[in-house]
Every structure is written in C-alpha cells, then in structure tokens.
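Chain residues, written in single-letter form:
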Amino acid sequence: MVMDDLDALQDRHAGCETVAFADLSTQMVLVTNSQTQLRRETLDMLCAEAAIVLGDAKMVMLGANPGNVAFVATKNQLRIFLRSESEPSDVLCCVCAPNLDVPGFLSDARPCLEKISHGA
C-alpha cells in the first residue's frame, strides 16, 4: 500500500516531516504519509512548486530540460522534489528538516518512488 511505503520512508529518516506522492500532469497530491499535519492547501502549493522546479510534460520552468531532483532550502526547512525515472509525471514531494542526511534519504526515496510508480 502506498501510504505504508511513504510511512516507512519517513520512519527511516527522522528529519523527514512529510512525504507526498503527486501527479504532475494533474498537479495533484494523491497520497501523503499518515503522520502529515499539512493542510490540503499547503499540499497543493507543494505540488505546484514541484511543477515549477522540476518542470512538467507541457513546460520546463527552470533550465533547459526537466529535472529529476530539485531542492528548495530555507533556514528552517528543506523541500525535496524527486521525479520518477520511469513515470515522469510521478513525483515525491518531501518536507524535511534542514539537517536531513540528503544522500541517505535519496538512496531510500528513489526506490520507494519507483515501487509506487510501478504499482508494486
């Protein structure tokens, strides 16, 4: 189940506050981890930000080509956007603490996203 996969990813990384699985083609968050405290409006803005920083099938907003990973960092928060390599509209939108072990998180997040994208 997708929510279980997102919960497991969050549980493995203490600095991960929210993980959302989204579809960039519709710009909709489809599922979030069960512990998320973010309101629907905030999740919608997170997905819209993913479309801007990663680009979607219709338009690349930043750079020449759509990206597969993007980071937005502030003093208090790190947002990570990760695109599926096999399903370009599928993304994970993650809200994390600024001290998150990013390489470790990405090494777990990529296979999680691919598993969800393939419906496995």
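Before reading on, note that the structure itself is shown above.
The structure presented is a predicted model; accordingly, all values stated were derived computationally and were not measured. (Residues numbered from 1 in each chain as written. Predicted model: local features only at pLDDT ≥ 70, side-chain atom pairs only at ≥ 80, totals over all residues. Heavy atoms only, no water.)

This paragraph deals with the sheet that holds strand 1 (residues 16-23). Whenever strands of a sheet pair, they do so through backbone hydrogen bonds, lying parallel or antiparallel. Reading across from one edge, 2-1-5-4-3 is the order of the five strands in this open sheet, with antiparallel pairing throughout. Because the sheet does not close on itself, it has two edges, and the strands there are strand 2 (28-32) and strand 3 (69-73). Averaged over all pairs of adjacent strands, the angle between their axes in this sheet comes to 25°, without regard to strand direction. Direction of pairing for strand 4 (residues 78-83) relative to strand 5 (residues 90-96): antiparallel, over a ladder of six bridges. Directly across from Leu78, in strand 5, lies its bridge partner Cys96. Sitting on the sheet, helix 1 (residues 2-12) is in contact with strand 1, strand 2 and strand 5, with an inclination near 145° to strand 1. Sitting on the sheet, helix 2 (residues 40-54) is in contact with strand 1, strand 2, strand 3, strand 4 and strand 5, with an inclination near 60° to strand 4. (Pairing = 2+ DSSP bridges. Helix = DSSP H or I, 4+ residues; strand = E, 2+ residues; numbered from the N terminus. Axes fitted to C-alpha atoms, helices over the stretch in contact; angles between N-to-C directions. Contact = heavy atoms within 4.5 Å.)

These figures come from the coordinates and say nothing about function on their own.
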